[in-house]
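Read off the chains here:
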Amino acid sequence: MGERKLDRTLGIRTVGIREWKNSKQYNRYEATPYKVLELLCENYKFRDVDRVVDFGCGRGRVAFYLHNRFHIPVVGIEANYKTYEEALENKALYRLRAEHIQAPIKLKYGLAQHYKIDKRDNCFYFFNPFSVKIFKKVVYNILRSVEKDKRTVDLIIYYPLREYKNFLKNCTPFTIINKIKVPGGNDKEDKIIIYRLREEIFNEDECVNFG
Ligand SMILES: C[S@@+](CC[C@H](N)C(=O)[O-])C[C@H]1O[C@@H](n2cnc3c(N)ncnc32)[C@H](O)[C@@H]1O
């Protein structure tokens, strides 16, 4: 099924691209392909207790898809006001079909790096939203939240750039738990990497302080 058709099954419109006019730090809007979301869901177990945050949620495809499939709470943060408004329109249309799903959908207009991580947030999704400079700020916010409210958290990164991977490997306690290659992908970045920080790390002898 094509992307537009799959959009229609959720009652949303997410196909297309939107470039930023003058930004080197913020990347353009483009939705995660449905086949990648399908692949993710076949290889990663979303649980009832999960709350997913999509940093740079665009028109909301990832949030609506996961909400619809797993009935879990989702949060989307988007910095482009026009795109954010489109996500809100999508939410209204999607909710007409998904009235029966109790889990909340929260869409926020603002910068990902300013989002206050909630202690219920435990699964963080990124599809090439911004520069590594901003990514670092977001990851440090996550680490501070985990240090305060100890829990296991995952980062799901679709199309991971080298700078993201190097930073996570060299400067954080996250470890890779899965790498999923997109079959027939365009290039070697066309994959999903899942990183985990386990709650048990806090019980180990070593003192964990993320600064
Ligand atoms: C490649 S799109 C991904 C959209 C969506 N996550 C998905 O996978 O379907 C990246 C999105 O991040 C947004 N973005 C860029 N910088 C941002 C920032 N600092 N805070 C929040 N959103 C941002 C862009 O406007 C764009 O909509």
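Quick caveat, the model's predicted, so the values are computed rather than measured.

Concerning the site of the ligand
Point 1. Lining the immediate environment of the ligand, one finds 25 residues, of which Tyr26, Tyr29, Gly56, Gly58 and Ala79 sit closest.
Point 2. Contributing elements (two or more residues each) for the shell around the ligand: strand S2 (29–30), helix H3 (61–70) and strand S4 (74–78).
Point 3. Residue classes in the shell around the ligand are distributed as 13 nonpolar, eight polar and four charged.

Focus: unusual backbone geometry
Point 1. Unlike most non-glycine residues, Asn128 shows phi in positive territory, near 35 degrees.
Point 2. Take Asn128: it is sitting in the loop between strand S6 (123–127) and helix H5 (132–148).
Point 3. Positioned with a positive phi, Tyr159 is a non-glycine residue whose angle comes to about 60 degrees.
Point 4. Topologically, Tyr159 is positioned in the loop between strand S7 (153–158) and helix H6 (162–171).

Things to note about the environment of Pro104
Point 1. Of note, Pro104 is situated in the loop between helix H4 (81–97) and strand S5 (105–109).
Point 2. When the 11 C-beta atoms within 10 Å are taken as the criterion, Pro104 is described as exposed.
Point 3. Taking the C-alpha atoms as reference points, Pro104 and Glu3, 101 residues apart in sequence, are found 25 Å from one another.

Brief notes about the pairing of S4
Point 1. Here S4 lies mainly inside the structure; five of its five residues are buried.
Point 2. Taking every second residue as pointing to the same face, both faces of S4 are buried, with Val74, Gly76 and Glu78 on one and Val75 and Ile77 on the other.
Point 3. The pairing of strand S3 (residues 52–55) with S4 spans four bridges and is parallel. Considered in S4, the bridge of Val52 is made with Val74.
Point 4. As for the winding sense of the linkage, the β-α-β connection from S3 through H3 to S4 is right-handed.

Some details on the sheet that holds S6
Point 1. Taken together, seven strands build an open sheet; the order of strands is S5-S4-S3-S6-S7-S9-S8 and the sheet is mixed. A single partner strand is all that each edge strand has here, and the edge strands are S5 and strand S8 (175–181). Within the sheet, the average angular offset between the axes of one strand and its neighbour, ignoring direction, is 15 degrees.
Point 2. Inspection of the sheet shows S8 paired to strand S9 (residues 191–197) by six bridges, in the antiparallel sense. The residue of S9 that forms the bridge with Ile180 is Ile192.
Point 3. Contacts from H3 reach S3, S4, S5 and S6 within the one sheet, and its direction differs from that of S4 by about 175 degrees.
Point 4. Across the sheet, H4 touches S4 and S5, and the angle it forms with S5 is around 160 degrees.

Thoughts on the environment of Asn68
Point 1. Within the secondary structure, Asn68 sits in helix H3.
Point 2. Distance from Asn68 to Tyr94, taken between C-alpha atoms, is 9.2 Å for residues 26 residues apart in sequence.
Point 3. Beyond its immediate chain neighbours, meaning those up to four positions away, Asn68 contacts Leu10 and Ala98.

Regarding the pairing of S7
Point 1. The element S7 is extensively covered by neighbouring structure, given that six of its six residues are classed as buried.
Point 2. In S7, alternate side chains face the same way, and those of Val153, Leu155 and Ile157 on one face and Asp154, Ile156 and Tyr158 on the other are all buried.
Point 3. Taken together, the five bridges between S6 and S7 define a ladder with parallel strand orientation. Residue Tyr125 lies in a different strand from S7, and its bridge partner there is Ile156.
Point 4. The handedness of the S6 to S7 crossover, carried by H5, is right-handed.
Point 5. Both S7 and S9 contribute to a ladder of six bridges, which runs antiparallel. When the bridges of S9 are listed, Val153 appears paired with Leu197.

Describing the nonpolar core
Point 1. Ranked by size, the top nonpolar core spans 48 residues in total, and within it Phe55, Phe124, Tyr125, Ile142 and Ile156 carry the most contacts.
Point 2. Counting residues per element, this core draws most heavily on H5, which supplies six residues.
Point 3. Discounting residues that sit within four places of it in the chain, Phe124 has contacts with Val53, Phe55, Ile142, Val153, Leu155 and Ile156.

Rules used throughout
- Residues numbered from 1 in each chain as written.
- Predicted model: local features only at pLDDT ≥ 70, side-chain atom pairs only at ≥ 80, totals over all residues.
- Near = placed C-beta within 6 Å.
- Helix = DSSP H or I, 4+ residues; strand = E, 2+ residues; numbered from the N terminus.
- Nonpolar A, V, L, I, M, F, W, Y, C, P; charged D, E, K, R; others polar.
- Buried ≥ 20, exposed ≤ 12 C-beta atoms within 10 Å, placed from the backbone.
- Pairing = 2+ DSSP bridges.
- Right-handed = clockwise from strand over helix to strand, strands pointing away.
- Axes fitted to C-alpha atoms, helices over the stretch in contact; angles between N-to-C directions.
- Contact = placed C-beta atoms within 7 Å.
- Core = buried A, V, L, I, M, F, W, Y, C linked by C-beta atoms within 7 Å.

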